[in-house]
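Survey of secondary and tertiary structure
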Amino acid sequence: MTDRVDALVVGGGSTGCGIARDLAMRGLSVALVEQGNLTHGTTGRMHGLLHSGGRYAVSDQASARECIEENRVLREIASHCVEMTGGLFVQLEDDPDEYFEEKLAGCRECDIPAEVLTAEEAREREPYLTGDVKRAIAVPDGAVDPFRLCVANAADAAEHGARIETHAKVTDVLVEDGEVAGVEVEHESGPGKRNHSLPGTTEEIRADHVINATGAWAGRVGKMAGVDVEVRPSKGVMVIMNVRQVDTVVNRCRKKGDADIIVPHETTAILGTTDVEVEDPEDYPEERWEVDMMIETLSELVPILDDARTIRSFWGVRPLYEPPGTGTTDPTDITRDFFLLDHEDRDSLPGMTSIVGGKFTTYRMMAEKISDHVCAKLGVSAECRTAEEPLPGSEDFSVLRDYMDEFGLRSPIGRRSVQRLGSRADDVLETTDPNPTVCDCEAVTRAEIQDAIDGSGSDLNAVRIRTRASMGNCQGGFCCHRMANELHPRYDEPTVSEAWDELVQERWKGERHALWGEGLSQAALNYQLHATTMSLDRTPEIADFGAFDSGVETATDGGERTTGSRSSSGPRSDGGRTERGRDGD
Ligand SMILES: Cc1cc2nc3c(=O)[nH]c(=O)nc-3n(C[C@H](O)[C@H](O)[C@H](O)COP(=O)(O)OP(=O)(O)OC[C@H]3O[C@@H](n4cnc5c(N)ncnc54)[C@H](O)[C@@H]3O)c2cc1C
């Protein structure tokens, strides 16, 4: 099968989906191919902070200005993906005054609204902050749902005629007569929605211009075209707590170190992060000490974190880039700016552009810049409209308020569904069929699950990212099988079974670092339930026990220590981490 488009976007993260939407809205024929689900890469593995820019106000003012600009745009065009929690930069008694003053001045220089709060005022906003608070700066940080936002961009691109292919991996870039002519794609189960059990196919998609938006993988796709794209992947860990201990984004107000942000996210709080350069964006160590360090260090800010339960941990890899010859050795010193690499100018290879670096918060701006560039190449004069046109679900924020009134806030289930769906709520929820709750923790009903299956086929991980089902406290223990049941009778038993196994495995992946105390009992219960009542132990590879970290860490005295429980762990080796000088994510 062959196809031909004006623009082909490789990568279904925030950047790729934003580009596909922008170009499709300008009238170009567009295809986007993503090797996994949308958000499979870094976008599905980030902290969820909608930056106000405060974080960069001292170290990188250009980025800070971009962040506040886009923060304002996303609140307008993606209201159902953003929770305006506000943020605090908290100074503890021992944190330097000079940095606090620099941060405040930096925010003001970058047009970031910033208000100084006394210790009492800060603790009034966030009662669980330590008594050790000296003062704080309040800024308009927010929490953003990367899954919802990415899917909304892809859905809007599709509504404007784009072809969106997930589970479609680019295996080669076609270079003909010294020019990029398209790509070769391997479909995991044929083109279109993913359907387990279908054999894969290979396809050539020809395009006037190929856009490499593969983030930390950009070097690999570059290589397929014979060009060097020197991405420096840098990993960071995040830990999800079982309740939302804070309602505002809490940042430590000192020069960036590991573990200095807590982001409230839906029913949870996410702690993060670290910054360690890795060789391979898909294969790097995920270690227990990293998880422990998040909790220990951030408990200095919010002490009850130390008593809370961890439900999951995950790692993401930053697609950092610096122009050749800069020679930075510490990844935390590499700029968070984005770069557009025109391979015609740079490598005498027309027909392809790469976009690397940047942040989730500025994805729309990155997409606008590269779309301007591609349009100029293709002689298209249409203007960008993505800063004004709301994303599907965000068209009319008052819809959300009306639904809140309609449900009288009596029904937390209705409220959660409406928050997720925004202005699409009527379309999805108006059903005459029974609409039971399928996922209790996240309050997701059958109607939402069925809507997601309409969009994504038999892939339950794609259903998960569209709805949040299985992402709550039980991590799918009580709902994975119910979600699988929703695939029947559209899909046959082997397809359902494969989709279910894949979901269970994905849930397990993030839990395996968080097993001690009550979390361990719960995981054991989940395993027993699934093994004894649903025979999920028939395929041992579902829970990949071999992927546990070794449980052994190097002690500072050079000996080995076995990590039995979080509270028993003592001082750690630095694990190769370095002191940092700039503000990271
Ligand atoms: C630990 C951490 C925390 C972060 N926190 C924040 C934050 O709080 N706020 C913020 O604004 N930013 C944050 N960031 C940065 C932000 O997450 C990234 O900059 C952003 O998500 C990058 O998006 P992307 O689309 O460029 O890359 P990705 O999301 O990685 O998308 C690239 C896609 O390309 C696909 N791909 C790769 N190779 C192929 C192929 N051969 N064929 C088809 N598809 C392919 C991948 O599967 C992937 O889905 C954080 C980053 C990290 C690592």
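- Taking an unreviewed UniProt entry as the reference, the protein chain is identified by name as Glycerol-3-phosphate dehydrogenase belonging to Halalkalicoccus jeotgali.
- For the record of the protein chain, the UniProt heading Pathway (unreviewed entry) holds the text "Polyol metabolism; glycerol degradation via glycerol kinase pathway; glycerone phosphate from sn-glycerol 3-phosphate (anaerobic route): step 1/1."
- UniProt, in the comment section headed Subunit (unreviewed entry), describes the protein chain in these words: "Composed of a catalytic GlpA/B dimer and of membrane bound GlpC."

Remarks on helix H3 (residues 97-109)
- Compared with the 18 Å implied by 1.5 Å per residue over 13 residues, the 18 Å span of H3 between its first and last C-alpha is a close match.
- For H3, the full list of buried residues reads Tyr99, Phe100, Lys103, Leu104, Gly106 and Cys107. Take H3 and look down its axis: the buried residues cluster within an arc of 160°, on one side only. In H3, the exposed positions angled more than 90 degrees off the buried face are occupied by Glu98 and Arg108.
- Phi turns positive, to about 65°, at Asp111, one or two residues after H3.

Regarding the nonpolar core
- If you look at the biggest cluster of nonpolar residues, it comprises 36 residues, and the most contacted ones within it are Val90, Leu129, Ile262 and Leu271.
- Here the element with the most residues in this core is helix H7 (residues 288-298); it accounts for six residues.

Considerations on H7
- Within H7, 10 of the 11 residues are buried, which leaves the element mostly enclosed by the surrounding structure.
- Regarding H7, the residues found buried are Arg288, Trp289, Glu290, Val291, Asp292, Met293, Met294, Ile295, Thr297 and Leu298.

So, the site of the ligand
- The environment of the ligand is made up of 36 residues, and the closest members are Thr15, Glu34, Thr42, Thr43 and Thr361.
- For the ligand, an oxygen atom lies 2.5 Å from a polar atom in the side chain of Thr43.
- Here an oxygen atom of the ligand sits 3.2 Å away from a polar atom, N or O, in the main chain of Phe360.
- For the ligand, whose free accessible area comes to 1,000 Å², the fraction covered by protein is 98%.
- Counting residues per element, the ones that place at least two in the shell around the ligand are helix H1 (14-25), strand E10 (168-176), strand E13 (231-241) and strand E18 (310-321).
- Looking at the shell around the ligand, its residues break down into 11 nonpolar, 20 polar and five charged.

How each quantity is defined
- Residues numbered from 1 in each chain as written.
- Predicted model: local features only at pLDDT ≥ 70, side-chain atom pairs only at ≥ 80, totals over all residues.
- Heavy atoms only, no water.
- UniProt positions renumbered as here; feature names shortened; annotations may be inferred.
- Helix = DSSP H or I, 4+ residues; strand = E, 2+ residues; numbered from the N terminus.
- Expected span 1.5 Å × (residues − 1).
- Buried < 20%, exposed > 50% of the residue type's maximum accessible area, 1.4 Å probe, protein only.
- Arc of directions from axis to C-beta.
- Core = buried A, V, L, I, M, F, W, Y, C linked by side-chain atoms within 4.5 Å.
- Near = heavy atom within 4 Å.
- Polar contact = N/O pair within 3.5 Å; in protein donor to acceptor, adjacent residues only side chain to side chain.
- Areas by Shrake-Rupley, 256 points an atom, 1.4 Å probe, with all protein chains shown as cover.
- Nonpolar A, V, L, I, M, F, W, Y, C, P; charged D, E, K, R; others polar.

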